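# Tertiary structure, described
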Amino acid sequence: MAIRPPQTLKSTGRKVPVTRYRNVSPTQTLRRFTVIWANNDGVPFNTSGFFATLRRLDGTFVQAAGFDRFGTARFNRVRTPTNQPYILRTFRDDGVLFRVRSVPAGVSSFVVIG
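For the structure given in this document, a descriptive report is provided here.

Cut-off values and rules
Residue numbering note: each chain is counted from 1, following its sequence as written. Local features in a predicted model are, by the rule used here, given only for residues with pLDDT of at least 70; side-chain atom pairs are given and counted only at 80 or more, and totals for whole chains, interfaces and linings are based on all residues. Side-chain calculation: all heavy atoms of the structure are included, whereas hydrogens and water are not. A pair of strands is treated as paired once DSSP finds two or more bridges between them. Where helices and strands are cited, they refer to DSSP runs of H or I of at least four residues and of E of at least two residues respectively, numbered from the N terminus. Throughout, a residue-residue contact means that at least one pair of heavy atoms, one from each residue, lies within 4.5 Å. Here, axes are lines fitted to C-alpha atoms. For helices the fit covers the stretch in contact, and angles between N-to-C directions go from 0 to 180 degrees. We count a salt bridge whenever a side-chain nitrogen from Lys or Arg sits within 4 Å of a carboxyl oxygen from Asp or Glu. Exposure classes here rest on a 1.4 Å probe applied to the protein chains alone. A residue is buried below 20% of its type maximum, exposed above 50%, and partly exposed in between. As used in this record, nonpolar core signifies buried Ala, Val, Leu, Ile, Met, Phe, Trp, Tyr and Cys residues forming a set joined through side-chain atoms within 4.5 Å. Working definition: rings of Phe, Tyr and Trp (its six-membered ring) pair if their centres are within 6.5 Å, and the pair is stacked with planes under 30 degrees apart, edge-to-face with planes over 60 apart, and tilted otherwise.

### Concerning the pairing of strand β6 (residues 97-103)
On a regular strand, one side chain projects to one face of the sheet and the next to the other, so that they alternate. For strand β5 (residues 86-91) and β6, the ladder comprises 6 bridges, and the chain directions are antiparallel. Bridging across to β6, Tyr86 finds its partner in Val103. In textbook terms, the turn of a hairpin is the stretch between consecutive antiparallel strands, and for β5 and β6 this stretch comprises 5 residues, one of which, Gly95, has a positive phi near 95°.

Following this line, the structure appears as C-alpha cells:
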C-alpha cells in the first residue's frame, strides 16, 4: 500500500484537500537494476575495485557492473522491475568471490548485507 502524503503541510500548516491525493499510485521506480552492498547496520561499504556479475538461473551471463565507492552497482541492461530471478555474484578486483545471492523477480533494487 502506498504511503499517502500528510494532510497538513509542515511548512505552512495549510490543509491539503484529501480528494486531491485519493488516486495516487507509486510511480517512483528505478529504471535500471541497482545493487547496494551494506554492512549489518545498513551502512554501505566502500566498494572501490569490486564488481558484480548477474546471471539467469540457467547460467546465461547477463552483465557485469562495477561498484562505486558508495557501495552501489547499476546494471544498465536490466530493466525494472525485473521479470525473472537472477543469481548475483560479487567479486574483488582480483577475482576473489565474496558473496552469491539469489535475486527474486519483480524488484528494482537489491541489498547485499554483510
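### Details of unusual backbone geometry
Note that the residue after Thr80, namely Pro81, is joined by a cis bond; omega there is -5°. Position of Pro81 among the secondary structure elements: in the loop between β4 (72-79) and β5.

### Some thoughts on the environment of Phe70
With respect to the helices and strands, the residue Phe70 is situated in the loop between β3 (61-66) and β4. Placed 32 residues apart in sequence, Phe70 and Ala38 show a C-alpha to C-alpha distance of 9.3 Å. With residues near it in sequence (within four places) discarded, Phe70 still touches Pro44 and Phe45.

### A closer look at the sheet that holds β5
Pairing is antiparallel across the open sheet formed by 4 strands, whose spatial order is β3-β2-β5-β6. Across the chains shown, the open sheet's two edge strands, defined by having one partner strand only, are β3 and β6. The average undirected angle you get between the axes of adjacent strands in this sheet is 20°.

### Some words on the pattern of salt bridges
Scanning the model with the defined rule gives 1 salt bridge in all. The salt bridge partner of Asp94 is Arg92, with a shortest N-O separation of 3.0 Å.

### Some words on the environment of Phe51
For Phe51, the position within the fold is in strand β2 (residues 51-56). Assessed through its relative accessible area of 28%, Phe51 is described here as partly exposed. C-alpha separation for the pair Phe51 and Leu97, spaced 46 residues apart in sequence, amounts to 9.8 Å. In contact with Phe51, not counting residues within four places along its chain, are Ala65, Gly66, Phe67, Arg89, Thr90, Phe91, Arg92 and Asp93.

### Quick look at the nonpolar core
Counting 18 residues, the largest nonpolar core has Phe33, Leu54, Phe75 and Leu88 as its most contacted members. Contributions of two or more residues to this core are made by β1 (32-38), β2, β3, β4, β5 and β7 (109-113).

### With respect to the packing of aromatic side chains
Under the definition given, this model contains 7 aromatic pairs. Taking the centre distance of 5.4 Å and the plane angle of 90° together, the rings of Trp37 and Phe50 count as edge-to-face. In this pair, Trp37 is assigned in strand β1 and Phe50 in the loop between β1 and β2, connecting sequence segments 13 residues apart. Aromatic pair Phe50 and Phe98: ring centres 5.3 Å apart, planes at 75°, arrangement edge-to-face. With a gap of 48 residues between them, Phe50 in the loop between β1 and β2 and Phe98 in strand β6 connect regions that are remote in the sequence. Look at Phe50 and you get buried, because its relative accessible area is 17%. With a relative accessible area of 32%, Phe98 lands in the partly exposed category. Within the aromatic cluster, the residues linked to one another by ring pairs are Trp37, Phe45, Phe50, Phe67 and Phe98.

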